[in-house]
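Chain residues, written in single-letter form:
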Amino acid sequence: MRERWQRCTPRQREALTWLALAAPVLVLLWPLWLAGRAPMPDYLPFFAPWSHLGRATTAWNPLWYDALGQYWPWRCLLTDGLRSGALPLWNPYQFDGYSFVANGQSALFYPLNWLCFGLFGVVNGFRLTAMGHLWLAGVGTYRLLRELGASRRAAVVSGVCFELSGFLVLWLPLPTLLSSAAWLPWACALLERSRRRRDGRWAVLAGAAVGLSALAGHPQVFYYVGLAAGLVAVVRVPARYWVGFGLVAGLLASAALLPVLEMAPRGHRPLVKSPAGYQGFLGRSIGSDRLVTIAQPRFYGDPMHGTTNPARAVKAAVIAARAGAYWGLDHQDAIAPGDFAEFSLFCGLVPLLLALVAWRRRGPARLYGGLALLGLALALGLPLNRLLYFHFPGWAAGAGPCRLALWWCFGIAVSAGLGVDALPQSRPRGVWLAAAGLLAAHALAWVLAGPTLTKLAPLADVTQLGRLLGLLGVTAWLAAGTLVITRRPAWLPVLVAAELLAFGLGAVPTCPASRLDRTQVTAWLTRLGGIGPSDRVAVADSPRQWSFYFDPQGMMLPPNLATVAGVHDAGGYDSLMLADTKDRLSRLAGRQPITPLTNGNMLLLGNLRSLPEGTSRGLPNSPPGQPRTLGAIRVDRPNRMTVELPAGRHVVYDTSYPGWRLYGPDARPLAWHGALGRPREFVLTQPGLARFVFQPTTVRLGLFLALLGLAIVVGVGSSRTPLPHGQTP
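Residues numbered from 1 in each chain as written. Predicted model: local features only at pLDDT ≥ 70, side-chain atom pairs only at ≥ 80, totals over all residues. Heavy atoms only, no water.

Draft legend 1. Up close: the overall build of the chain. Across its full length, the chain holds 26 helices and 20 strands. A buried classification covers 58% of the 729 residues belonging to the chain. Considering only contacts within the chain whose residues lie at least 6 apart along the sequence, 77% involve residues at least 24 apart. About 29300 Å² of surface is accessible on the chain, with carbon and sulfur atoms providing 61% of the total. (Helix = DSSP H or I, 4+ residues; strand = E, 2+ residues; numbered from the N terminus. Buried < 20%, exposed > 50% of the residue type's maximum accessible area, 1.4 Å probe, protein only. Contact = heavy atoms within 4.5 Å. Areas by Shrake-Rupley, 256 points an atom, 1.4 Å probe, with all protein chains shown as cover.)

See below:
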């Protein structure tokens, strides 16, 4: 084997290494390609019309529900648009319609979504997105280490560490976080190549990687990717290359960000910087009691085994805790199984030990180690957040600082690889001392977790043995890892992969792909009420009975899931819901609350008491538990609605989001008068078809800027001569 490796050319060795980095991903996600499953929680049996499928096999988790309640219908809409040849800028299937392109997580302009979903369909698109972006993150980190001058073995350790880190693996059911984060190592690798070769072209390509992170669909993660890459650029890259890097990143990101920035002030939760808002922001920080999970990630249980509720029968909660169910508390002392991913800091004990070895030496390890520690400090909600929240642009727009765990996992992965190459200059005694230091730090983390353990004494007592066994496992693993580091460093890639796979295997929820049958929705609605795809429905639910933190009891067709069959729903689930839409439909519903108490982004309407403006017919006496229609909608294409009208004056009820344009029967634009979100008037001089077309200015401008950025990338990338010193594209 070694002789064959020696006979390979450098390019062949590189290609084989890239393929080798796919092996841990394939092992981790074997149910996707070997068992015919999809990276989606198995929650459909909770809801009609899927109740006949049997029991749900995935324990309820509100964070994972987003994969089913948001990403599945959104990717169905995207796939249908791609295959029809028209990107769906407007989503007519939620609320009274809203801008789909302004929902950053739609990722309409992300090229890899066009490839995965447009060519291979929805289910295979989810599979390819999950496997492909984990591999992309691993290869990018590997390339970064090679640009830093690390050996191939060290680079492989870093690549495996990042692609299997807790942040990426636990967020895998929500594809936009993974897709955006996967471009961070590529941006840093290209910046390091720009520095090493003294060639500004690579800095321009690094800007393109940051732009792709924005197009991938998660604005908050893109923001953190851009800040981290910007820090690397400032510290490591000559100033003459900064303009090209920042210009291309901003131009490519414009297509995704400009519509989001236009919609955000109109949303139902506008950003207002205030002391109360800052406290809510810190409510999504990682508590000091979670530091213990750096070494024992399942210290508080595992949401894959369920979530205990001590407010119910204590005996049942104790039994669930003994089975490994999750019972960690958030900042409001509520059990939140989604916090297992939100507060995850696990990236392996052996990588941590290698990182400590690397930090003792000067050089890039201290930069990336500093990025890791800065991310940890901010994720913990330390006071620096206050300065950034009130004075740094964009910081307050995030859901909370906990997702800065991305910096922690990435910085540890890079440092671990650099630590491998630092071993020959490190004494074994120093490595053993570092291991002892880690063990002492973990003991301190146990002390910090003490107050949380005392809040739920029955659960803490029944799981004490498991935590103590975990502590013994940490001690034994540190000892074994130290022995391998000091005596058999060639085995480090295998050791790191084994440790992270032991954590990741079984941590990703999956469901049989056959359950994602989109035709069942229309068949069910037709059977119940004679409702066709052109009708708008509101399913009768009881929003007061769903706390969202616990599994629903017999719910029918929750918000957004009508979208998978192209059926229009008056309700919806989106963090960028328009405030005007929420207020108007709330008044029509005639009751409060219309959202689960723990999730204000969801609109549950049930049977409305009256019809929205502009609708022509309905079924006001729908039997309890059955849907009702709210009026016909004729949509020719995703972004166009056509109406046959006589000549004369007409009044239509416009949405509160700008961008709709009106064209008369002669295809000429018509002027219409009135305010957004109010009745608007226009006049037809002749009878015929009036066409309403969604063409927002922000989309046009964003696409123009993105194409300009793409032209710069193509021009610079095709040039064979480095940019002269001081010249930018």
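Draft legend 2. Highlighting unusual backbone geometry. Here Ala107, not a glycine, exhibits a phi torsion of approximately 50°, which is positive. Here Ala107 shows up in the loop between strand S4 (98-99) and helix H5 (111-147).

Draft legend 3. A look at helix H23 (residues 492-504). Between its terminal C-alpha atoms H23 stretches 18 Å, which fits the 18 Å expected from 13 residues at 1.5 Å a residue. Of the residues making up H23, those classed as buried are Leu492, Pro493, Leu495, Val496, Ala497, Glu499, Leu500, Leu501, Phe503 and Gly504. Positive backbone phi, approximately 85°, marks Gly506, located one or two places after H23. (Expected span 1.5 Å × (residues − 1).)

Draft legend 4. Structural view of the environment of Arg584. As for its placement among the helices and strands, Arg584 is situated in helix H25 (residues 579-589). It is 9.9 Å that separates the C-alpha atoms of Arg584 and Gly677, two residues lying 93 residues apart in sequence.

Draft legend 5. Representation of the nonpolar core within the structure. Within the largest apolar cluster, 223 residues are counted, with the highest numbers of intra-cluster contacts made by Leu29, Trp72, Trp408 and Leu492. Every residue in contact with Trp408, bar those within four places of it in the chain, is listed here: Ile294, Leu345, Cys347, Leu352, Ala372, Leu373 and Leu376. (Core = buried A, V, L, I, M, F, W, Y, C linked by side-chain atoms within 4.5 Å.)

Draft legend 6. Region of interest: the packing of helix H20 (residues 428-455) against helix H22 (residues 464-487). Orientation of H20 relative to H22, taken along the N-to-C sense of each, is 165°, at an axis distance of 10 Å. One way to sum up the angle between H20 and H22 is to call them roughly antiparallel. The interaxial crossing formed by H20 with H22 has right-handed handedness. Residue-level contacts link Pro428, Val431, Trp432, Ala435, Leu438, Leu439, His442, Trp446 and Leu453 of H20 to Gln464, Arg467, Leu468, Leu471, Val474, Thr475, Leu478, Ala479, Thr482, Leu483, Ile485 and Thr486 of H22. (Axes fitted to C-alpha atoms, helices over the stretch in contact; angles between N-to-C directions. Parallel < 35°, antiparallel > 145°, perpendicular 65-115°, else oblique. Left-handed = near helix turned anticlockwise from the far one by under 90°.)

Draft legend 7. Fine view of helix H12 (residues 242-263). Here H12 is 22 residues long and its end C-alpha atoms lie 30 Å apart, about the 32 Å a rise of 1.5 Å per residue gives. Residue Ser254 marks the point of greatest curvature in H12, where the axis turns by about 60°. (Bend = angle between axes of the 7 residues up to and from the residue.)

Draft legend 8. Geometry of the packing of helix H2 (residues 10-28) against H5. It is the contact of H2 with H5, at a shortest axis distance of 9 Å, that shows an interaxial angle of 135°. When the interaxial angle is binned, H2 and H5 end up oblique. Taken as a pair, H2 and H5 cross one another with a handedness that is right-handed. Two secondary-structure elements touch here, H2 through Glu14, Thr17, Trp18, Leu21, Ala22, Val25, Leu26 and Leu28 and H5 through Met131, Leu134, Trp135, Gly138, Val139, Tyr142 and Arg143. In terms of residue class, the contact of H2 with H5 is made up of 11 nonpolar, 2 polar and 2 charged. (Nonpolar A, V, L, I, M, F, W, Y, C, P; charged D, E, K, R; others polar.)

Draft legend 9. Structural view of a nonpolar patch on the surface. On the surface, Leu26, Val27, Trp30, Trp33, Leu34 and Leu505 cluster together into a nonpolar patch covering about 580 Å² of accessible area. Breaking the nonpolar patch down by element, the ones donating at least two residues are H2 and helix H3 (30-34). Element by element, the count of residues in the nonpolar patch is highest for H3, at 3 residues. Inspection of the secondary structure assignment puts Val27 in helix H2. Residue Val27 is classed as partly exposed on the basis of its relative accessible area of 39%. (Patch = residues over 30% accessible without salt bridge, like charges linked within 9 Å, V, L, I, M, F, W, Y side chains within 5 Å. Salt bridge = Lys/Arg side-chain N within 4 Å of Asp/Glu carboxyl O.)

Draft legend 10. Representation of the confidence of the model for the chain in the model. Summarising the model, the chain shows a mean pLDDT of 85, and 89% of its residues fall at 70 or more. For residues 613-633, every residue scores under 50 in pLDDT, and the model assigns this stretch 56 contacts once sequence neighbours within four places are set aside. In the model, residues 725-729 has pLDDT below 50 throughout and makes 13 contacts with residues more than four positions away in sequence or in other chains. (pLDDT = per-residue confidence, 0-100.)

Draft legend 11. Inspection of the packing of aromatic side chains at higher detail. Considering all chains together, one arrives at 36 aromatic pairs under this definition. Measuring from centroid to centroid gives 6.2 Å for Tyr368 and Phe410, while their planes differ by 80°, and the two rings are edge-to-face. Remark: Phe410 occurs in helix H19 (residues 405-422) and Tyr368 occurs in helix H17 (residues 364-379); sequence separation between them is 42 residues. In this pair, the class of Tyr368 matches that of Phe410, namely buried. Ring geometry for Tyr389 against Phe390: centres 4.9 Å apart, planes inclined by 80°, an arrangement best described as edge-to-face. Residue classification places Tyr389 among the buried residues on the basis of a relative accessible area of 2%. Phe390 sits in the partly exposed class, given a relative accessible area of 23%. (Phe/Tyr/Trp six-rings, centres within 6.5 Å; stacked < 30°, edge-to-face > 60°.)

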